Every structure is written in structure tokens, then in C-alpha cells.
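# Coordinate inspection notes
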Amino acid sequence: LQRGEAVALANCIGVSSVLLDRLMAGFFTSEPVLEGVNIVLSTLNCLATSGTYASRTLGNAEQNMLTADAAHLARLTTLTALQRSKPMGPYDDGDEDLKVAVLESIQHNLQSLLLVPAGGGGGNRRSANVPSGVNPAFPTPPVGSRMFPLWQSASLARCCPPGIQCTYPDLSIMEDPDRAFVIALMDEIHMLLFDHKEHLKNDAVAVIVKLLQQRRGVMSELLIAEVMRGDRLETVDIMNRGGFGALLVAHEAATYAENVSSAPRRKGSNRSSSTKGRYVSFFEWLERNQTQVEAVFDGIHIQSTRLFPGLEMGAATPEDAIENEQKSMLLRLTSQDSSDRTILGGLERAELAQRCYDKTKESHGLWKRQGFDDLSAGGLQWKVLLRQLKGSCSIWEGVSRLEDESPFSKKTLLTALAARGKESDKKKDGDGADEKVKSVATELVTRWKLDLSEGYERQRRRMFPNYEWYGLYGFDEESSSDEEEADDESIESGALSNVGKSGFGDNPRSGAHGSRVGSEFFGTTDVQDAAALLNKLQIKRKDGDDDDYFDDIEEETDAETATTAANSSTGEPDNASERGGRGKSDNTPTIQEGQTADGETLNKDDDPGQGENVNASSYDLITGLLNPGDWPEKSYNVQRCMGLEVVKALFLWCRNAVYIIDGFELTEGEGLEGKIERVEKEQSTFYINFRSKKDKTVFDGEEREQRHDEHKKGDVTDEQEDVTFNHRSQRISFGELYSVFQRRYQLQNVALEVFDIHNSGTLVAFNTEEEREEVLNKILNSPLPNSIFSTSYGTSINYKKFMATWKSKIVSQWASGKMTNFELLMHMNSFAGRSYNDLTQYPVFPWIIADYRSEEIDLDDPRTFRDLSKPMGGQSDDRAEQFREKYRMYEDSGMEPAHYGTHYSCAAYVLYYLMRLEPFSRLALRLQGGRFDVADRLFHNLGSSWKSASADNQQDVRELIPEFFYLPEFLENKNGFDYGVTQTGKTIDDVTLPVWAKGSPERFIRINRQALESEYVSRNLNHWIDLVFGYKQRGREAIAALNVFPHYSYEGNIDIDSLDDPILRESAIQSAQNFGQTPKCIERKPFTQRAVVQSLRDKNLDFGSLAFLAPLTPPFCIVGAPQRVYLRPTQTDRCKVGIIGQTDTSVGDMCFVKGQIIGTGKTCALIIPQKKYYRYGGPNNGVSIHVASTTTRHRELNKMLGIHDALHRAPISIAKASLNGHWLVTGCIDSTIRVWRYDNQNTLELKATLCGHEGGHITCIDVSTVFGTIVTGCSRGRVVLWDLETLTFMRRLRHPFKEEADKIAGAVSFNRAISVSINQKNGNIVTLVGDHLSLFDINANMIACVGPGRNYGPYNLPSCCVSTDCPEWMDQGIAAITGHTNGDILLWGVDYDTKSWVLRQIMPEKPHQCAITALRVEGERQDTLLVGDKSGLISVCKTLQLEQLNQKELNIIVSELRMRVKQTNAVIDRRAISGDAGHNWIGYVTGAD
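For clarity, every value in this text was computed on a predicted model and none was experimentally measured. (Residues numbered from 1 in each chain as written. Predicted model: local features only at pLDDT ≥ 70, side-chain atom pairs only at ≥ 80, totals over all residues. Heavy atoms only, no water.)

### Some words on the overall build of the protein chain
So the rule is basically this: Numbering goes from the N terminus for both helices and strands, where a helix is a DSSP run of H or I of at least four residues and a strand is a run of E of at least two. Three labels apply to residues, based on accessible area from a 1.4 Å probe with only protein chains included: buried if under 20% of the type maximum, exposed if over 50%, partly exposed otherwise in between. Whether two residues are in contact is decided by their heavy atoms: any pair within 4.5 Å suffices. In these tables, accessible area is a Shrake-Rupley quantity obtained with a 1.4 Å probe, and a residue counts as shielded only by the protein chains included in the view.
Check the secondary structure of the protein chain and you find 36 helices and 47 strands. The 1489 residues of the protein chain split such that 55% are buried. Across the protein chain, the fraction of contacts at a sequence separation of at least 24, relative to all contacts at a separation of at least 6, is 66%. Looking at the protein chain as shown, the accessible area adds up to about 64800 Å², and 50% of this sits on carbon and sulfur atoms.

Shown next as C-alpha cells:
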């Protein structure tokens, strides 16, 4: 339309005719209908408007002909669109939005639609040379003329082959098309005049007014008509005397009044109200004369039907249109053979009919499969949306702010359902007792599971809400004590027998740990109650859909259909009908778990043809699970491993990504030519007990077995025969792939473990090692910009050499003191093939502490630790001798000699430790056949476990797992499982901790980690590595070290491929899986010993050791004297970036790049890796991207590189970029948050919109890609955590001081969220809400909080804060820094035992005299602080170094080190600091509280 030749312009009109033909046939839904209207109108306007390219290019004759065709098609398209917007059946309400949009388009383009071609004039005189039925105004150009190709291309009706007829009339056969359009348009819109919606009436009147203005003659003919009245004709005039003609008079009068009136329109007036007032007399007339108007319009309708029969002949739905088209195709194909009178013709017809039938059947199968794929993709999109709605303001969770008594409120609906159930019971039982129905209160979710993505040092700390809990275990706990009183008044039988008794918030230990479950995440009690009511009311639902709304995208182990027998500890029988079971035993309800590991489920029950085999023979079956543009180039059968659960899957190689799709298997053929089939889900049965609050007893074994037998004797229903399929589709693009590792699976080197940038790992096992190597090489040769291999891209990557080089670098860093012992062990496990995703090869860690009896523990005493040079079997001399005797006995008998019959790591040991933590609880149940093990054999006492593994038990030499050094949650029974009672009468609940842990799991984990990082362990850890990963695994060294395990646990000792007997093969695999596998040997010589140095040597400071000590010194502590903190300013500068055009000179963000300070204005956010910044807050509701620091590519500071408008619907109040620059999170004044993906091309891609702040504008944001967390705060003080990977709500941080202040009636809360900041090493979150500084862990448990008092007062309230990356085991380090309104800088430590902040220093030298507005911690070891204030001043503050002290100050340090002072600094009064010493050092009071 803008640059094409004449035939191209004609083809644009032809395309519009194709759309019209399909539209009239009924193929389109509302959205493509409206798009078709817009296309044809834009084409018409380009041809009819003067000054356009078409008007300048075409001649008069060509333009007139093409304009006439375009106007004709536009008239028919708009009329058909109006027809399609009306109801098409008894259950169809029509599409009001489409109707309004089309009416507005007609109103704005009516003049173009009423175009009359030159020379036409609408006359009906016929020339002698014109054939009958052809309008002489639109003759057909002669064949071969210049006009003929244009005429033919402008309409589909002129190009159709013989025998095919278009659904619309061509312009050449239309008599007076202009008048016909007016008739049909009046027929379509007259009913809108009687519509109850004012805006539709107004739009209809506006169209009629324009018709009266431009076609008054035609309107008069139509509106003055002869109507039969009985047996005579009567003239009815609805045009004059106050009729439709009065509309034009009223419009002209109102227009004149508006033009001459100088008074401004009063505020709040609108077009609707003015239109209503303008035509009020007409609508009154219309109501009085409705009978006459209907009579006239009946005649108009008859004329319209005669002129445009196709408007009402199309199919009602696209499905009907497809069926009609298929029938038409079949008739055309079967009628083409002209020789059907002969035998040969009959045979040909039969063959043709069979081919047609086969083709139709194939098309039906393809459409059905594509339909399933569309349902699959659409279902996944809905589930993602529902997950995003799972939040503090969602349809699933959240307490309503007001008691909603509307007819459709949750409370009203539940009450109505309960009443119906009660009436049903009355009819059945004849019980007429009136019972009171009570609303059920929403309770807090207390069911959580471990997030399986990895954070810093590969730690898994985050807990996710466990939506699968209720569907998996099918258990309703007893109500809390408060609700039990209410239960007396509620219904105990009938429809509400379970309503109000779900009790999901009841934790038997909630009194002791109430503070740890205080985050605001609301449960689904009402949804469960509604389900129970629907069941009671006999409202059927589809099988397999029970848990669709309770799935979670990050669940990695929930891949089976679980038939659960769950019994409460009170012994009350469960009601199967209230749990969804049909025909099952009342005591053992069956719960079908219908979601996959990620909650992405396709059920065979959704297939209308369950009896047919709908498995596809092509990859069309899975296209709905792929992203647009992705197509598999090659596929592999794999097994995806999740702990102990293994799922068959397809591994698809696409051009830009790989896919792992569960539930499919390539069964026949190879590659893309093969046949893929769905794979059935497995089933598991759990028989478990839960602990009640008021009854701690448990069922004995006989009662459990009795219940199990009853379950087996239950009626068998069709539900057991239902088959459900998993189709979890995981996409890992090469741009998001971080690393890939070779792994061993079932004693074979056939597996790969792939990690993405979100630290989520996926372990897949191929059929052969060749397939594994093929995929690995293809990955390594692909562009991986964000992976560990990115530095080698462009060269051929040798995987073994790369890993060897990387391992050498890791060992070197550790030996030089630049890496923690924990991180080294995680790397060693990874290099040796150990993985979180394979419980049979789980990462193994050593026992560290040997003292579990003392009241206090001394980590400086070597006797506190186990002997790391010996395995667990050698910790006791007596037991070691017994193991040596066993080895000699095996050797003498000719058997493979070994010291032990068990291993130090296997799947059973891992689940032994993690049985209290989901999702490992369900894995432990599967391992034990659906029940927990006997209570005496469960993990319940740390001291007893150490004693058993080190001395007492000949069969126990187990080591530890990584969770012992960072995850306290696995030591607590927060899920309330009933593990039974030991023979001594002890009830198994939480793990019994050593005395020195003071009953705190957090303290135990912290001290255990401190022990791991202690000097003793650092000196001796290499010996343990030699035993587990090194040269003492095998041979003489292993024999001498008492370190020989059964031969089949070692890599390479069993060749699985050589075992042809399937029984022997399976036996070997099961032995390795159940017994354990020795890690791969990665060192053939003694492991490097770490050099442990101290800053004090021979009563003097050793300055040469400071470089070794620096990397692991706590943040802002002095290297060599970590008990001391001293920060001082070293440099100042002015903010120069992003302040042009701003009246506020406050500093918004800062960074330190190669000694250069980069500071930006208040409404700016830095992209540090790219040396750019975002600027926000403008009237465009968007951001712009600018240069923050000049480079060789960008030499101009503040240069705009890109602009993005309308990112929100209102002004952006805050923006924050991630540290790696890949993410941008923006907050708006309308309380919404949006997450964007940024690439180096200055483009932004919207990933999600997050809502959860209930109207408060967003004031602060922080992002952690390490832990996959977003933290946001708003002006109402609400702080919310979001998951960066799934972009869904996780938790709300609860501030008790804020909640207390908000409860005061009439109080105005000033508790605004000022700052939030995430610790990148442990996920802790520092918040500044109002004037209170708070610290939370990553699971929203409050650790410390401080408000105004002796540390600061009203004159110096905190104005911003920042978290350091200090891990909790470095208790001397600085955890947070606050800037204050008077320019003060305060450094805070944390006392984790008392859960309180400790003020370590007030920076004595004060470069800032006004409010601090920005803080950033810099430096590899966190020893540099950037400070920006309201005036635009920026200062660089650095930790003092020992080399900078004078002799007097050094003497103080030496005396402290000699005394081994470990106490924190005292609170400093700046006025008390002496100025004699060069650095105000003497003012510190060591050891003061």
C-alpha cells in the first residue's frame, strides 16, 4: 500500500476479499473478525484519501475501479462483523466488545464506505451490450487490457476455479450497492436503539445521524413505507414529525450551541451524558411509537435479506465452518470423475473415495492432536497465571480486607452450598433439625518444601509453599484449640462435616516455633471446604484433576499418582466421600495426585475419545509444548532423575535450546521419523500418621496393618483403571545454560547434569555413552554466552582438559586461602560425579565435631574434632580392629576383601537425615514401602547418631550431607509427621541437639559450619579428601587406611553392558543403588594441604600473612584483627551522571569501577557490567538507557542509547537492575511491579507483572540472581518476596512493630518501607521500615530488629540501609550498614544467639552533613563502602589496614590477639574519641557491651 505497483495494490484488495469469504463462512472468532475489519478499512482509506501513495500512483480509471471494489468489500466486511457480534445460539450472549468496535469503525469511516464510483451514480439503466445480471456501472474490462489484471486481482470471486463459488456477492452483480449498504446497515443497528446499554444506543444514533446527513434520500425511502394493516396498505412515516428526521435537527442544534458557547464544559461531563440529553425527545418518541417502527424495520429486514443472503448463511461457530468445508471438499473430490458410467469409472470413483476418506481421517487425527497440543499449551499458560495469582492478594490466598456479603462472595457461596447439602441430608435422613452454618476462617499455610534450585556455594536454603501437600497425603488435621470451641456450634455431620476442621495451620510445635512460621502466606482451606461440599452435593468432577490448582512449578519429586491412606492420630475414621474417593474403604481414602513434578499436567481423562488410541506417529503431538520457532532437529530417549524418582522423557535438540519433555518415549523408528507414545504415570501408596495437638498417641502396628488390609479389600472402581500422563516440558536455552557435567547413572557413564542461570539442575540419563557424548559435544560447540565455557567460545573445547584446568584452579584458590572449606568440598563432590539430583550419589561431607555432650564447645581445642585422617570406621580403636579382622576373614575365604559391609553414603542415609523435610519425606516413604521406618531406627538424636557411626554400630560408618552446614529446617518436624515412639518411650519429633546448641537448630548449624572452617579442619581436611576422593580409595593405601568398601561400589568394577542376563544386570544396579557408590577418584597423589597462617607470630604481627588472611576476613573487619572494625573516608566526589534536568540533587545509585566513582541521580539505576544506567520517573511512564562511563565505543557521558515508553500505566517510582545486568525490576505508583529481561542491545522484554502491595506505591526493590529472589517494599510498609525464576509470590515479611502500630485505632502509620537489601551469600534480607532496622532469613523468619533508642534517636533516624555479604557463621562481621538523616554511618553486627543487632561502629570521620540517600558495598572482600547524600556528595570509605597504624595502636592489637579477644567493638561516642592517635584508634573500648 505504501510502495507497491498497481497490481500489488489490487492484490491488497484481493486479500481483503479472501478474509471476507472466510469470515462469511464462519471461520473467524471475534479477534480475527475485528482484524479483518481494520485491514479492509485501512486499504480503502489508502485508496480513497487524496495525497496517499495510491492516489499519486494510479490513474483516474484505475483508482475509481479499485476504490469501488475496496468500498464494496469494506461494506460487506463491516456488515458481516456486526452480524457476527450478535448471539448465534440459545447459549451465546454475543460479543459486545466486537459490536462496539465495529460501530465506531463504521462511524469514523462512513464517508469512505458510501463512496459512489465515477460514472456509476447508482443508475439502473442497462446498455444493450451489457449481459443480464451485470451492473453496467461496473463492467468487466476486456481480457488482455491493462485494467483486466487489476480487476481480476481485486476479488477472490473473479479468480475462483469453475465449480467453486464465493460466499459474498461480487460488485459487478450488485444493483445500486450504495443503497443496499444503507438498507443492510439500518437492519443491523435498529435493535441497538432499544438496547438497555446507553453506549450502544449512543453509537447507533451517531451512525444514523451520519446516514441522514449523507444519504437523506435513501433514508427517507426506507423510513416512509407502506405497511399492510389487515387487508389494506397504510403509509407509515417514521422519518418526519418527531421521528428519525428529528435526530438530524437535534444534532445540528447541539453542534451549533457547542460552537457558539464560550462557557467551558463543566468538569465530569462526558459524551454519554451529553448525547442522552441531546436526543431525549427522540427516545421518548421511539418508545411511544415502537409498534410502527418495528413494522417499518420488518420491511427493511426483508429487503436486506434479499440483497445480502450470505450475511446469515454462514456457520455459527468455526467448528461448524470446518465441518461444512470438509463436506464440501469431499463432494467436490468425489464428483470430479466423469467416467462413472463405466466399470473403470466406478473403480476409480471407489479408489478416489477411499483416498478422500483416508485423507480426511488423517486430517482429523492431525487436527485432534493439534487440538490436544493447544489445550496443553493453553493449560500450562493458565497454570502459570494461577501460580502468579497465588499471593497475598489472590483468589487462593489472602484474608479479605472487608467482610464481603455480596451474592457472589466466597463466604456467601460456601454458606449456600452448605445449606444445599443440609437440605439434601434432610431429605435422605428425615432430619429437620436446623443447624447454624458458620464461615470458615482462612489459616496460614504451614506446609513448606525445599526449593531445589541452588544458591551461593550450591546451598539450597529457600522453602517454597507446598501446594501438593493436601492432595498428596489427603490429610485434614485436627482444628486448633481456638477452633475446637467454634466447632461445637458448627455442623458436625452432613454437608459441613469437614468444614472448619481442616486445621492446616495447626503445628504440634507451633508454640515453640511460632515466630518461624509468621510469614503471611495464606492457605487453601476454603478451596478444600468447597471441594468437600461439592462432593457431598454429588456434583461430579473429572478424575485426575483434584490437585491441578495446588501444583507448583519447582516441585522436582512429585511425579507419581499417589494413592494415599492418611489417618489422624486421634483414630477418627476418615470419610472417603469427603476426600474424593468413590467406593473406597471409609478408613483409607484414595487420593489421585494429578500433577507432575512441575505441576504441568495433561490427563487422559480430558480426552473425549478415551477408548481410542490417539498416540501420534509424528512430532505434531508435542508441538504445543514447544516455544514458537522451536522445532526438534534430533531427539533422544532419556530418563530424568529426581532423587529416587525416574521419569521417562524425550530430550529434544533444537536450534537455540534443548527440551526435556516428560511422559513421552520414542518407540519405533529413529529421529524425527520415529513414533512417540505417551508413558503411564506410576502409582504409590502411603500409609502415614500425623501428630495431633491434643493427642500424642500413635496407632500400633496391628491397627496400621488392619487399615492396610481394609484398603486392599476395598471395592475396585473404574478410577483404578484410569490412566494419567505427565507432560512436564522444560526448556533450557543456550543463552540461559550455565554449566553441564558428565555424570554416572546406574554404574554407567551415560548421564549429563545441566544447570541454567537460575542454578536449577536437571539430571538426564541417555541410553548409551555415545549419545551422551554426542549431546555434550553439540552443547560445547554452541554459543553459550552466560556459561562457564563462555571464555573458551570460538575454540574447540575439550571437556576433560577444561575440567582438569578448572579443578586445578579450585584447589589452588583453596590452598591459598581464597575459598572456604565448604565450597571446596562441594566442588570435589561435583568433580567426582556427586549430585543433589541423584540420592544414590548425593554429595558427601565429613563429620567434623566429636563432642556432643559438653555444655559449651571450644573450637580451638583439637579434642573437639574427629580425626579427619581416618574414616568413620577408624575413629574407635576397638571397632577399627574388628574391621581389620573382617578384612582378613574375607581375604582368607577367597572372597573380595573389604573392611565394611555398608557404605558411608547411600540413598537411605540421605533420606534418614532429611525425612522431616519435603520433598524428601515422600521419598523416604517410597523407599520404605509407604511407611516410615521403625521409630528406633529413625534419625532423632545427633549425639546418638555420632556415637553409632563412630564407635557403637558395626554396620554404621555413615558420613554427613551438606545440609548439616547451612540448613536448620531439616532438623525440625514442622510438617507434623508422626514418627512413632521408641522402645524407651521417647516420642520422635524434632532432632535432639547437643547441649551446647542451646536447643536452637540455627545455633547448631552455625557452630557446625564454624567448625568446618576452623583452623584444625583447614589443616587436616586434605586427609579426608584423600580417603573419599583421592589416592586412598583403593589399593595398598586404602587397606592401610582402613578404607576398603565392597568392590561393586567402585567405578569401573562392574561392566553393566557385559551382563546379558537381565536379572544379573538388575541385581548389580540395585546393589549399587541400595548400598551406595564410592565417588570417582579424582586425585592420584596426596591432596594439597592448606597453609594455615596467623597474623601473630612470636609476639609480633606478621604483615606477610595479611594477604593470605584477607579473602576470608569478615566484611569491614580489619585483616589480621577481625575483632576490630574501623571504617574511614578516603575520597569524595560529586554526582555527575543522570542529574541533568533534575531539581533534586540526591544520589540514587553508585558503583566503583577501576578506581573511578560512578554516581547517578535519584531517579537512576546503574547497569554495572555494561557501565550504563536506567533513568525513570518521567511522564512517559518508561525508562531510558544512558552511558554511565565513557568507553571506546561510547565516548559521550549521559548519551541516550535507547528509550522505552509506557512500561507501566502510571509513573515509575523505583527501578533496580540485577548485579549481572540481565534483569530490571520496576515499581510503579499504582503498586504494580514489572520484571524485564535486558540484553546488551538495549532492549527490554516483559516477563511478568506482580501485584501484592494493595495500593501502596513501590518505594524500594532489590534483586538476587544468586538465590533467585526479588524483594519489594511499598509506602504502606509491606515487604514481599517473589521468586525470580517462576515470577510468583513467595512470602511476606512481617514486622511486628508495624502490625502493632497499625492496630491502634485512628493512628496514622508512618512505617514506610525505605530500603530493602539482600545478602548474596546466605539470602538474608535487611529491611528499613519506618525507623526500624530488621533482619530476616531467606525464609522470612525474623532474626533481629532495632528501633530508636540509645543507638539513634529522632535527630538521626536512618534514611537508608544496605546489607553486606557476611555469612552467618562469621559472627564478627558487619551484617548491615545504615545511613542517617544527619549524615551518620552506622555499622551493625548480629548476635544470633540473642537475636539482636550489635552496633559495631559509628564512623568517626563524618564527610556528610545531610541525609544519606544511597549506600553500596564494594570490593572482593567487602571492605569498601560508597556513600551518597541528598546534596549530591559521594564518599568512598575503606576499612583501615594494620600497616596504617602507629606503634601504639599496633601494641593494642597485639595484646588483643594474644588474649584471643573475640568480643565485638563497643558503641562509640564520637565526642569521646581521642585525637592523639593518627586514626582516632584509642577511643575504642575493647570488650564493652
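Read on for the rest.
### Regarding the confidence of the model for the protein chain
Using the following cut-off: Residue-level confidence of the predictor is what pLDDT reports, using numbers from 0 through 100.
Across the protein chain, the average pLDDT comes to 76, with 73% of residues at 70 or higher. Per-residue pLDDT stays below 50 along residues 262–274; that stretch engages in four contacts with residues further than four places along the chain or on separate chains. Under a pLDDT of 50 for its full length, residues 390–410 has, in the predicted model, 47 contacts with residues more than four places off or in other chains.

### Some words on the packing of helix H2 (residues 30–48) against helix H4 (residues 60–84)
Cut-off, in case you're wondering: Throughout, an axis means a line fitted to C-alpha atoms (over the contacting stretch in the case of helices), and angles, computed between N-to-C directions, take values from 0 to 180 degrees. Here roughly perpendicular refers to angles of 65 to 115 degrees, roughly parallel to angles under 35, roughly antiparallel to angles over 145, and oblique to all remaining angles. Throughout, a crossing is termed right-handed when the near helix is turned clockwise from the far one, and left-handed when it is turned anticlockwise from it by less than a right angle.
The N-to-C vectors of H2 and H4 enclose an angle of 155°; their axes lie 9 Å apart at closest approach. With respect to H4, the axis of H2 lies roughly antiparallel. Along this stretch, H2 crosses H4, giving a crossing that reads as left-handed. For the pair H2 and H4, contact is made by Val33, Gly36, Val37, Val40, Leu41, Leu44, Leu47 and Ala48 and by Gln63, Leu66, Thr67, Ala70, Ala71, Leu73, Ala74, Thr77, Thr78 and Ala81, respectively.

### Section: the nonpolar core
Nonpolar side chains in soluble globular proteins generally cluster together in the buried interior. Test applied: Nonpolar cores are built from buried Ala, Val, Leu, Ile, Met, Phe, Trp, Tyr and Cys residues. Side-chain atoms within 4.5 Å join them into one set.
Counting 119 residues, the largest nonpolar core has Phe964 and Phe1004 as the members making the most contacts within it. Among the elements that make up this core, the one with the highest residue count is helix H24 (residues 799–815) (seven residues). Residues contacting Phe1004, with those up to four places away along its chain left out, are Tyr852, Leu942, Phe964, Leu971, Leu993, Pro994, Trp996 and Ala997. By size, the runner-up hydrophobic cluster in this structure holds 80 residues, among which are Leu66, Leu98, Leu185 and Ala295.

### Quick look at the packing of helix H27 (residues 907–914) against helix H28 (residues 920–927)
Just so we agree on the cut-off: Residues are sorted three ways: Asp, Glu, Lys and Arg are charged, Ala, Val, Leu, Ile, Met, Phe, Trp, Tyr, Cys and Pro are nonpolar, and all the rest, Gly among them, are polar.
Direction vectors running N to C along H27 and H28 enclose 130°, while the axes themselves pass 9 Å from each other. Taken together, the axis directions place H27 and H28 in an arrangement best described as oblique. Note that H27 runs across H28; the crossing there is left-handed. From H27, Ala908, Leu911 and Leu914 reach across to H28, where they touch Phe920, Ser921, Leu923, Ala924 and Leu927. For the contact of H27 with H28, the per-class residue count stands at seven nonpolar, one polar and no charged.

### Here we look at the sheet that holds strand S28 (residues 1200–1204)
Under the convention used in this document: Two strands are counted as paired when DSSP detects at least two bridges linking them.
Strand order in this open sheet of four strands is S25-S26-S27-S28, and the pairing throughout is antiparallel. A single partner strand is all that each edge strand has here, and the edge strands are strand S25 (1164–1167) and S28. Averaged over all pairs of adjacent strands, the angle between strand axes in this sheet comes to 20°, irrespective of strand direction. For strand S27 (residues 1183–1187) and S28, the ladder comprises four bridges, and the chain directions are antiparallel. When the sheet's bridge partners are listed, Ile1185 is paired in S28 with Gly1202.

### Focus on helix H13 (residues 290–307)
Counting along an α-helix, one turn takes 3.6 residues, and residues three or four places apart therefore face a common direction. This is how the line gets drawn: A helix's residues, less one, multiplied by 1.5 Å, set its expected span.
Helix length check: H13, at 18 residues, gives a terminal C-alpha distance of 25 Å against a target of 26 Å (1.5 Å per residue), a fit within 8%. Three or more residues of H13 are buried, namely Val293, Ala295, Val296, Phe297, Ile300, Ser304 and Leu307. The secondary structure elements touched by the buried residues of H13 are helix H7 (177–189), helix H9 (216–223), strand S1 (224–229), strand S2 (232–237) and helix H12 (280–288).

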